[in-house]
Structure formats: structure tokens, C-alpha cells
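Structural description and commentary
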Amino acid sequence: MNPRRNLDEAGGIITQRDPTRCIVRLRTPAGLLTPEQLEGLGRCAREAGLHSVHLTTRQTLELPDVDPASLGTLLAALSENGTPLGAERNEVVNVVACPGSATCRLANVETYPLAKELDRRFFGVELPVKVRIGISGCPNMCAGERLCEIGITGIRHPLRDAGRCTGCGTCANTCREGAIVMVNGRLSLDADSCVECGMCIDYCPFAVLTDDGPRYRITVGGRRGRHPSLGQELLTVKTPEEVVRVVGAILDRVYRRAYAGRHFADQLDLLALDDLRAEQ
Ligand code: SF4
Ligand code: SF4
Ligand code: SF4
């Protein structure tokens, strides 16, 4: 895979409805900004004579109404501010992530460090198709990761110590999927219904339910747009490092095998991603 193209070929500078102006999209992985970056962004916008900053649906920021003649100065100032030019063409675009375990009590995994690492490794790499990456800390899918070309979801699978189960039924009442039923005071788990959210593990009052560590479920081929669909499960791995390796392998297949002009989701057969399972 090649690193980012030249500036004039890269995404992030978007022609506006008024063709004498353009929109500048920023690179803000996981939508995280420091207070200093926010202040600096305001200063950059003011100095460029701009009157608004737009928050996008994919956790990026856009500066509308930019005079193309001022682009050089503006982009240099934005880069110095740590909020450089973003992406929106056939490349890896902004990595989105929910807060994960940084703040969310339902999270199974950390999301921010993984989003930053995926951005550091893969942002803007040249590809035949656009690839969006999304990460959610649990199957509630707040980051919409399964609508991305590559999605990562934090999961936990419940394991039961049958001998210690009191049959209290708290887990069955907790499960929103109806995946746990009590039969004659004994718990029965329907694996097909379980989304591996891990909630029953936290709610068991006797710590009978456990897990063998959080996992990252990787999905491919999600899409938004006119014909939205969920990404398909590819494989599940144990560590953020494995996620980065698998994402790299997927992007390598996309770079080598995908055709331009067709959506990622329509080329899954060409990418032969199932082979990656065998390599695990
Ligand atoms: S996806 Fe899960 S972990 Fe992330 S914000 Fe939503 S509920 Fe919390
Ligand atoms: S992990 Fe979630 S979906 Fe699965 S049984 Fe427990 S509460 Fe239900
Ligand atoms: S909450 Fe725990 S103790 Fe109660 S039925 Fe479920 S596994 Fe058994």
C-alpha cells in the first residue's frame, strides 16, 4: 500500500455548492480534540475569515466557505494545531469510535487508543475504494461500525459455572435478547440469540457468570448510503494488536484486488477475506 497522495490529489478539500468556495475537512480520529486544539481551531477559522465550523456525522470537523486562495496558509495553521487535513476520497478516511471504556459503563473494551493507532497506521493510504473504519466498545453499535467497510466491536461471551448457579434468574431478566431462559431452575443460553454484550456477566449477583476476556469482533462490507447494509462477521481476535494486524491484512487485499468504481461491499468475493480466518 502507498502512503498518502500529494495534497492536490488527496481528499479533504471539497468543492462547495458555491464553486468559488471550498470545504476543508479535518482529520480528528475518534472525534477527540484537546481544549488547546479547539481554541486553535477557532483561531485558524477566525484568521481565515470564516464564521462557522461544522461537526460531521463521522466525528470530523469541516470548515465551510474557505477561499481557495487562502488554502496554503490555512492548511499549514491547521496542521500546526494538530487538526490537519482529513480525507474523503478512495482512501482510509476518519476512524470513528464511541467512547468505549474511557467513559461508558457498558463498554467491553477500550476504543480511543485503538482508533488512534489505526489512524496512525492507515489514515489516507491510497486504495481503489473508500474505506471507513468504526469501533464500538460493545454491540450497542453507537459508532455505527457495522455500517462501515471495516467494523470493530468489543464483545464478551458469558461462561457459566453450572454447579454454583442459584437459579435466581437475574441474568435472564437482564438479557435484552431473550438469549437466557431458565429451565427447571437451570440456565440455558441460546448462542444464536446472544450478541455477546456481556451485561449478564456484570449483573449476576453471585459472580457465577464470567468470561475469558474481552474480544474484538471484526466485520467487513458494511455500507451506508442509498442501500445500507450491515457488515458481515469476518473473525474475532483477542488483542488490539491483532486488530491492527487484521485491518492491515484486509487493506492489503483491498489494495491488491479491489476495483475502483465498485463499492467495497460488492467486492467481498474478490477480496477472499475468508482466507484470513484460516491464517488466525
Ligand atoms: S457502543 Fe457500547 S460502549 Fe460504546 S458508547 Fe455505546 S453503549 Fe457505550
Ligand atoms: S451476553 Fe448479552 S446477549 Fe448474551 S446472554 Fe448475556 S446479556 Fe444476553
Ligand atoms: S444471575 Fe447468576 S446465579 Fe442467577 S441464574 Fe443467572 S447465572 Fe445463575
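Look a little higher up for the structure.
Being a predicted model, the structure only gives us computed values, none of them experimental. (Residues numbered from 1 in each chain as written. Chains lettered and ligands numbered in written order. Predicted model: local features only at pLDDT ≥ 70, side-chain atom pairs only at ≥ 80, totals over all residues.)

Let us now look at the overall build of the protein chain. Scanning the protein chain from N- to C-terminus turns up 8 helices and 13 strands. When the backbone C-alpha atoms are referred to their principal axes, the protein chain occupies close to 75 × 40 × 30 Å. Counting across all 280 residues of the protein chain, residues that qualify as buried make up 37%. Counting contacts in the protein chain only where the partners sit at least 6 residues apart, residues at least 24 apart contribute 65% of the total. (Helix = DSSP H or I, 4+ residues; strand = E, 2+ residues; numbered from the N terminus. Buried ≥ 20, exposed ≤ 12 C-beta atoms within 10 Å, placed from the backbone. Contact = placed C-beta atoms within 7 Å.)

Turning our eyes to something else, we now look at the site of ligand 2. Neighbouring residues of ligand 2: 14 residues in total, closest Cys175, Ala179, Cys194, Cys197 and Cys200. Its residues placed into classes, the shell around ligand 2 shows 10 nonpolar, 2 polar and 2 charged. (Near = placed C-beta within 6 Å. Nonpolar A, V, L, I, M, F, W, Y, C, P; charged D, E, K, R; others polar.)

This brings us to unusual backbone geometry. Most of the time, phi is negative for any residue but glycine, and the peptide bond is trans. In this structure, Ala30 takes a positive phi of about 60° despite not being glycine. Considering the arrangement of structural elements, one finds Ala30 in the loop between strand S2 (22-25) and helix H1 (35-47). A residue is classified by how many C-beta atoms lie within 10 Å of it, and Ala30, with 24 of them, is buried. Residues other than glycine seldom take positive phi values, yet Ala207 does so here, at roughly 55°. Examined against the element boundaries, Ala207 turns out to sit in the loop between helix H5 (199-203) and strand S11 (209-210).

Across the sheet, 5 strands lie side by side as S5-S6-S7-S12-S13; this open sheet has mixed pairing. Unpaired on one side and paired on the other, strand S5 (92-97) and strand S13 (232-237) mark the two borders of the sheet. Strand-to-strand twist of the sheet, defined as the mean angle between neighbouring strand axes without regard to direction, takes the value 20°. Pairing of strand S6 (residues 131-136) with strand S7 (residues 150-155), which is carried by 4 bridges, proceeds in the parallel orientation. Counted as the bridge partner of Ile133 is Ile150 from S7. Of the strands in this sheet, S5 and S6 are in contact with helix H3 (residues 112-122), which crosses S5 at around 175°. (Pairing = 2+ DSSP bridges. Axes fitted to C-alpha atoms, helices over the stretch in contact; angles between N-to-C directions.)

This next bit is on the site of ligand 3. By nearness alone, 13 residues border ligand 3, and Cys165, Cys168, Thr170, Cys171 and Cys204 come closest of all. Looking at the shell around ligand 3 residue by residue, the class counts come to 8 nonpolar, 4 polar and 1 charged.

Right, let's get into the nonpolar core. Formed by 52 residues in total, the largest nonpolar core has its most connected members in Val92, Ala97, Val131, Val247 and Leu251. Breaking this core down by element, the ones donating at least two residues are S5, H3, S6, S7, H5, strand S12 (215-220) and helix H6 (240-257). Considering every element that reaches this core, the biggest residue donor is H6, with 6 residues. Summarising the domain contributions, this core has at least three residues from each of domain 2 (90-155 + 215-280) and domain 3 (159-210). With residues up to four places along the chain from it excluded, the contact list for Val247 reads Leu118, Phe122, Ile133 and Ile150. If you look at the next biggest cluster of nonpolar residues, it comprises 11 residues, including Leu26, Ala45, Val66 and Leu85. (Core = buried A, V, L, I, M, F, W, Y, C linked by C-beta atoms within 7 Å. Domains from an automatic or database assignment.)

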